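Structural overview for review
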Number of protein chains: 4
Amino acid sequence: MNDTLTIAGRAYRSRLLVGTGKYKDLDETRRAIESSGAEIVTVAVRRTNIGQNANEPNLLDVIPPSTYTILPNTAGCYTADDAVRTCRLARELLDGHDLVKLEVLGDAKTLYPDVPATLEAAKTLVADGFKVMVYTSDDPILCKRLEDLGCVAVMPLAAPIGSGLGIQNKYNILTIVENAKVPILVDAGVGTASDAAIAMELGCDGVLMNTAIAEAKDPVLMAGAMRKAIEAGRDAYRAGRMPRRRFASASSPVEGLPY
Amino acid sequence: MNDTLTIAGRAYRSRLLVGTGKYKDLDETRRAIESSGAEIVTVAVRRTNIGQNANEPNLLDVIPPSTYTILPNTAGCYTADDAVRTCRLARELLDGHDLVKLEVLGDAKTLYPDVPATLEAAKTLVADGFKVMVYTSDDPILCKRLEDLGCVAVMPLAAPIGSGLGIQNKYNILTIVENAKVPILVDAGVGTASDAAIAMELGCDGVLMNTAIAEAKDPVLMAGAMRKAIEAGRDAYRAGRMPRRRFASASSPVEGLPY
Amino acid sequence: MNDTLTIAGRAYRSRLLVGTGKYKDLDETRRAIESSGAEIVTVAVRRTNIGQNANEPNLLDVIPPSTYTILPNTAGCYTADDAVRTCRLARELLDGHDLVKLEVLGDAKTLYPDVPATLEAAKTLVADGFKVMVYTSDDPILCKRLEDLGCVAVMPLAAPIGSGLGIQNKYNILTIVENAKVPILVDAGVGTASDAAIAMELGCDGVLMNTAIAEAKDPVLMAGAMRKAIEAGRDAYRAGRMPRRRFASASSPVEGLPY
Amino acid sequence: MNDTLTIAGRAYRSRLLVGTGKYKDLDETRRAIESSGAEIVTVAVRRTNIGQNANEPNLLDVIPPSTYTILPNTAGCYTADDAVRTCRLARELLDGHDLVKLEVLGDAKTLYPDVPATLEAAKTLVADGFKVMVYTSDDPILCKRLEDLGCVAVMPLAAPIGSGLGIQNKYNILTIVENAKVPILVDAGVGTASDAAIAMELGCDGVLMNTAIAEAKDPVLMAGAMRKAIEAGRDAYRAGRMPRRRFASASSPVEGLPY
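Residues numbered from 1 in each chain as written. Chains lettered and ligands numbered in written order. Predicted model: local features only at pLDDT ≥ 70, side-chain atom pairs only at ≥ 80, totals over all residues. Heavy atoms only, no water.

A look at the UniProt feature "binding site: 1-deoxy-D-xylulose 5-phosphate" (unreviewed entry) in chain A
UniProt's entry tags Gly-162, Ala-188, Gly-189, Asn-210 and Thr-211 of chain A with the feature "binding site: 1-deoxy-D-xylulose 5-phosphate" (unreviewed entry), counted in the numbering of this structure. Look at the named residues: they lie 50 residues apart in sequence, but the longest C-alpha span between them is just 9.5 Å, so in the fold they bunch up. With respect to the element layout, Asn-210 of chain A can be found in the loop between strand S10 (206–209) and helix H8 (211–214). In contact with Asn-210 of chain A, not counting residues within four places along its chain, are Gly-19, Thr-20, Gly-21 and Tyr-23 of chain A. Along the chain, the position of Thr-211 of chain A falls in helix H8. By relative accessible area, Thr-211 of chain A is classed as buried at 9%. Thr-211 of chain A has contacts with Lys-22, Gly-162 and Ala-216 of chain A together with Met-242 and Arg-245 of chain B, leaving out every residue within four places of it along the chain. (UniProt positions renumbered as here; feature names shortened; annotations may be inferred. Helix = DSSP H or I, 4+ residues; strand = E, 2+ residues; numbered from the N terminus. Contact = heavy atoms within 4.5 Å. Buried < 20%, exposed > 50% of the residue type's maximum accessible area, 1.4 Å probe, protein only.)

Next comes the structure, spelled out in structure tokens:
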């Protein structure tokens, strides 16, 4: 299998990870996820029934763990303790499944991470045997520290969760990628297909998104667009793009310009 | 056939048009073009042997007109007369083929079009029965005028030919698309996959490129990346992207900001 | 006098040119213009009374030609003939004053120039003895041609008139400046102070604006901000900015990046 | 005194703070700082003689504390302990002066802050009676936390120290400003005059810079450009800029566009 994404020892063909929130109904959720080609699907344990409520529709009926790698996440947690507790609940509900996505939020307006609490929770979870994929800001120093703590993937935001603004600080993402030995996945902020392609062209190993698909007018079509965009960006990264220059002539570089 | 691109009455599945210059050899040319999925291939009549020189390798042996729509172009022409003459030569060489790509260049440094000469040549060619696809600047007024003159497709530049800088003026491209009744194809300036996706997300009907593929480290892989990027951007455009907002909360629009 | 702007043989200390439209009243017009430090003030002959209507308030009473260089412009003209006629009317009203700003508009939506009509009108006006400053698109080839026709200053747009979007295509403005032997003034599209500074940092000789001042909440304060921004940008251009690099270390250039 | 910047209870007319590194000699340092109009001058205690070495030239001879507010900084410190110790040394050398600029660096490549160590050092210094201005990343959550710890000013980076790249994430700076009750000063990353103006237009209370002035070809002229740019940006912010729109017509907003 060529050019796979390996997380916590397991190889995936798809580099697009998707969420399950904000869809019209479970059927649309299922169809969009199928169209996306995603193999890893993240689930907000605090908002989604994955078995906590025996008499209600269970997401895992349409996203079966036999087909997908379920990635429980701690969306909605504002303290390290809450996030750790939520991961443990998920592990119980999913029969010992230890791959989790950690997010500890700093406030309800920006949904930016609380970085010190994220570091603390990551340390506790790694010590407790979890394989931690971690949502964080795009600070290269913190991303490296989370890797050093033993996280299996680091997931910097491109822009605020649910904003659709695209990658705000390409230099930071590039620096994070250059420094990393674990997969770097852009998490949050992608709005449309080209945003996803840019993340991959910067050398990211994958992209996780939810709103950009679920809030498109046609989520199923957008999910397919994202699948192609991730592949396009990855292939362009591997193919090695032409240099940027002002004009076709070889001697017209863009460096040294006044802006 | 769904969502096809129709130019001069003929429908195409692919929205990626490619050139034939700058490849290592004819075999690489052929493999890259196959990987791109392009159905329309443009050929610089003044630089490429399509039958003028009977004893030299003929591009049409690897890009056969039975498989591809050959689009002769007037690259290297700096006057209306030269461009018109070149189109007529192409029509002879190609047995009455009347679809051409007109470009009349303004200077050899920028390779920007000479707009008045382009208007003049377009008028002459349309009167002479040609179906004219026309390279021009990204000026919305001129693009509309070229349409009014009878051109079958208008092809504004995204950035200088061979620069790889990506779309410099998105507002102009958007305005050109909004005003148009004929296909608008971005011609020149694309550097990598996301640039192509952005062109399609703006509503363009297609993209023509050459250097971005031919000068990639791996042209064949990049050609495939471009094919996917064009499809991704087109599908994202049709799917209707989510609104951009500062934060996930509904009441955080980006308008009215100080920048 | 150091670092002056010379147009048609006359030297100016200020590189900010301003319009007179959209103000609350003539008193606000006067105070904003004084605050801007402008020495050249442009007047739309078709919309402003500079003597055509003897019984109405005359703009020249608050913007006296003894203090300011009055620059009649052809705003609202959509044909070469109209523009030429308007310039001749202005010359009469202003006792033989021959410095004019030519604009021939392409449509009422974008207010983009009609480039062929602009070329035609420029030729006629130069032959008729006018000193022509000319509004045009940011196409480097056309800007050079207007200079070659004898225009005394070329004024490419940064963005549509009245949009406040700032400079959309910095590469084009830079190329226009590099090619020019007459003053290049950005005309139209500036929205706030930094936009004006950027124009000057790109090497422009000056900036003309109206809406950005007149539609600010406090036009008089904004006029002063623009005066300082123009000086700041000019001085930064002359001072020679530091190179852009990714990090402080000397060996971290920005060229060769994937975006 | 109108529109002053108040830090730790003291009002300043200038909103431009400057460093003292990288100049050719002390005379150029003095002339550039005079040209900048700065009233607060930051000094790297570990690299600059402000009295530690009795027999060497003392920076305070050309930047006298009677004229300037000296702001000792902890550049070059990579741990909280080092930074705290450096601040205490500065307080001794400067006779009890308690205003300091805290920076705890994360690595020598990026010069990004070590955020957990910065939080720790800030807490210690505030408890020890210092008035702490603090260099940090542009993370809105962390900026607020540093304010809550009692810092008198928060100084997010615009881009890496010494890069000259300008503000990379305008949304973050805007959010930091919106949330703050203490002054927000952009620290690091400004490259030319317009970058400084943009920081002020976003609502920042001031800007600190060093390389952009010291590494200009003409540092004294650039210092004056920066003074004007800061004033221009501040005045534009106070004047209230015009709305951005696609065209002059009132009904052409930029929101809702596909990019």
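We are not done yet, so read on.
Structural notes on the relation of the copies chain C and chain A
When chain C is fitted to chain A, the best match, at an RMSD of 0.0 Å, comes from turning it 180° and sliding it 0.0 Å along the axis. The transformation relating the two chain copies, once decomposed into turn and shift, fits a two-fold axis. Residues of chain C ranked by C-alpha distance from the rotation axis are headed by Glu-255 of chain C, positioned 2.8 Å from it. A shared binding surface is used by both copies, with 100% of the interface residues of chain C retained as interface residues in chain A. (Least-squares fit on C-alpha atoms with pLDDT ≥ 70 in both.)

Considering the interface of chain C and chain A
At the interface, 16 residues of chain C touch 16 residues of chain A. Buried area between chain C and chain A, both sides added, is near 1,800 Å², and the carbon and sulfur share of it is 59%. If you look at where chain C meets chain A, you find two salt bridges. Note that Glu-178 of chain C is salt-bridged to Arg-246 of chain A, the shortest N-O span being 2.7 Å. Joining chain C to chain A, the criterion identifies four residue pairs in polar contact (both at pLDDT 80 or more). It is helix H6 (residues 170–179) of chain C that contributes the most residues to the side of chain C that touches chain A, five residues altogether. (Buried area = accessible area lost by both parts, 1.4 Å probe. Salt bridge = Lys/Arg side-chain N within 4 Å of Asp/Glu carboxyl O. Polar contact = N/O pair within 3.5 Å; in protein donor to acceptor, adjacent residues only side chain to side chain.)

Some details on the UniProt feature "active site" (unreviewed entry) in chain A
All names here are of chain A. Mapped onto this numbering, the UniProt entry annotates "active site" (unreviewed entry) at Lys-101. Judged by relative accessible area, which is 4%, Lys-101 ranks as buried. Non-local contacts of Lys-101, meaning those with residues more than four positions away in its chain, are made with Thr-42, Leu-71, Pro-72, Asn-73, Thr-74, Met-133, Tyr-135, Met-155, Asp-187 and Leu-208.

Overview of the relation of the copies chain D and chain C
It takes a turn of 180° to lay chain D on chain C, together with a shift of 0.0 Å along the axis; the resulting RMSD is 0.0 Å. With an isologous cut-off of 70% or more, the 100% of interface residues of chain D that recur at the interface of chain C puts this contact in the isologous class.

Considerations on the pattern of salt bridges
Using the criterion set out here, one finds 99 salt bridges over all chains in the structure. Residue Asp-82 of chain A pairs with Arg-85 of chain A through a salt bridge whose shortest N-O separation is 3.0 Å. Here Asp-82 of chain A and its partner Arg-85 of chain A are both found in helix H3 (residues 80–93), three residues apart, which amounts to about one turn of the helix. In this structure, the salt-bridge partner of Lys-24 of chain B is Glu-28 of chain B, at a minimum N-O distance of 4.0 Å. Overall, Lys-24 of chain B belongs to the exposed group, its relative accessible area being 66%. Through salt bridges with shared partners, one network takes in Asp-3, Arg-15, Arg-227, Glu-231, Arg-234, Asp-235 and Arg-238 of chain A together with Lys-228 of chain B.

Some points on the interface of chain D and chain C
Quite often, the size of an interface is put as the accessible area lost when its parts meet. Taken together, the contact pairs 44 residues of chain D with 44 residues of chain C. Both sides together, the interface formed by chain D and chain C hides about 3,700 Å², and carbon and sulfur atoms give 60% of it. Looking only at chain D, the three residues that lose the most surface to chain C are Lys-228, Met-242 and Phe-247 of chain D, adding up to 16% of its buried area. At the junction of chain D and chain C, the tally comes to six salt bridges.

Re H3 of chain A
Because an α-helix packs 3.6 residues into every turn, residues spaced three or four apart end up facing the same way. All names here are of chain A. With 14 residues, H3 ought to run about 20 Å at 1.5 Å a step, and its terminal C-alpha atoms sit 20 Å apart, in line with that. For H3, the full list of buried residues reads Ala-80, Asp-82, Ala-83, Val-84, Thr-86, Cys-87 and Ala-90. Phi for Asp-95, located one or two positions after H3, is positive at around 60°. (Expected span 1.5 Å × (residues − 1).)

Looking at the packing of helix H7 (residues 193–201) of chain B against helix H9 (residues 219–239) of chain B
Residues and elements named next belong to chain B. At a closest axis distance of 7 Å, the pairing of H7 and H9 adopts a crossing angle of 30°. What the angle tells us is that H7 and H9 run roughly parallel. The hand of the H7/H9 crossing is right-handed. Seen from H7, the contacting residues are Ala-193, Ala-196, Ala-197, Met-200 and Glu-201; seen from H9, they are Ala-225, Met-226, Ala-229, Ile-230, Gly-233, Arg-234, Ala-236 and Tyr-237. Counted by class, the contact of H7 with H9 contains ten nonpolar, one polar and two charged residues. (Axes fitted to C-alpha atoms, helices over the stretch in contact; angles between N-to-C directions. Parallel < 35°, antiparallel > 145°, perpendicular 65-115°, else oblique. Left-handed = near helix turned anticlockwise from the far one by under 90°. Nonpolar A, V, L, I, M, F, W, Y, C, P; charged D, E, K, R; others polar.)

Observations concerning the environment of Ile-173 of chain A
As for its position among the elements, Ile-173 of chain A is in helix H6 (residues 170–179). A sequence separation of 75 residues divides Ile-173 of chain A from Ala-248 of chain A, and the C-alpha atoms of the two residues are 29 Å apart.

Re the confidence of the model for chain A
On average, residues of chain A score 95 in pLDDT, and 97% of them reach the 70 mark or higher. The complex model carries a pTM of 0.96, and its ipTM stands at 0.95. (pLDDT = per-residue confidence, 0-100.)

Regarding the pairing of strand S7 (residues 131–136) of chain A
Residues and elements named next belong to chain A. Of all six residues making up S7, five are buried, and the element is well covered by its neighbours. Relative to S7, strand S6 (residues 99–102) runs parallel, the two being bridged by four bridges. Within the sheet, the bridge partner assigned to Lys-101 lies in S7 and is Met-133. Note that the unit made of S6, helix H4 (residues 115–127) and S7 has a crossover that is right-handed. In terms of strand pairing, S7 meets strand S8 (residues 153–156) through four bridges, oriented parallel. Counterpart to Met-133 in the pairing with S8 is Ala-153. Traced from S7 through helix H5 (residues 140–148) to S8, the parallel crossover comes out right-handed. (Pairing = 2+ DSSP bridges. Right-handed = clockwise from strand over helix to strand, strands pointing away.)

Quick look at the side chain of Glu-39 of chain D
Residue and element names in this part refer to chain D. Summarising the element assignment, Glu-39 is placed in the loop between helix H1 (26–36) and strand S4 (40–44). Note on Glu-39: relative accessible area 17%, which makes it buried. Here the side chain of Glu-39 touches Arg-13 through a polar contact of 2.7 Å, landing on its backbone nitrogen. In this view, Glu-39 contacts Tyr-12, Arg-13, Ser-14, Leu-16, Tyr-68 and Thr-69; residues no more than four positions away in its chain are not counted.

What to know about unusual backbone geometry
Residue and element names in this part refer to chain C. A positive phi is found at Ala-8, a non-glycine position, where the angle reads about 50°. The topology assignment puts Ala-8 in the loop between strand S1 (5–7) and strand S2 (10–12). Judged by relative accessible area, which is 34%, Ala-8 ranks as partly exposed.

A word on the environment of Thr-79 of chain B
Residue and element names in this part refer to chain B. Along the chain, the position of Thr-79 falls in the loop between strand S5 (69–73) and helix H3 (80–93). Put simply, Thr-79 and Glu-147 are 68 residues apart on the chain and 20 Å apart in space, counted from C-alpha to C-alpha. Among the polar contacts listed, one links the side chain of Thr-79 to the backbone nitrogen of Asp-82, at a separation of 3.1 Å.

Description of the packing of helix H7 (residues 193–201) of chain C against helix H7 (residues 193–201) of chain D
For the pair H7 of chain C and H7 of chain D, the least separation of the axes is 9 Å and the interaxial angle reads 175°. Judged on the interaxial angle alone, H7 of chain D and H7 of chain C are roughly antiparallel. Between H7 of chain C, through Ala-193, Ser-194, Ala-197, Ile-198 and Glu-201 of chain C, and H7 of chain D, the contact on the second element is made entirely by Ala-193, Ser-194, Ala-197, Ile-198 and Glu-201 of chain D. Taken together, the residues that form the contact of H7 of chain C with H7 of chain D break down as six nonpolar, two polar and two charged.

Details of the environment of Asp-235 of chain B
By the element assignment, Asp-235 of chain B lies in helix H9. Given the relative accessible area of 11%, Asp-235 of chain B is considered buried. In sequence terms Asp-235 of chain B and Ala-197 of chain B are 38 residues apart; their C-alpha atoms lie 9.6 Å from each other. Those residues in contact with Asp-235 of chain B, other than ones at most four positions away along the chain, are Leu-221, Ala-225 and Lys-228 of chain A.

Here we look at helix H1 (residues 26–36) of chain B
All names here are of chain B. What H1 keeps buried is the set Glu-28, Thr-29, Ala-32, Ile-33, Ser-35 and Ser-36. Taken around the axis of H1, the buried residues stretch over an arc of 160°, which confines them to a single face. Buried residues in H1 make contact with strand S3 (16–18), strand S4 (40–44), helix H2 (59–62), helix H8 (211–214) and H9. One side-chain oxygen of the residue at the start of H1 lies 3.2 Å from the amide nitrogen of Asp-27, identifying that residue as Asp-25. Looking one or two residues past H1, Gly-37 carries a phi angle of roughly 75°, positive in sign. (Arc of directions from axis to C-beta.)

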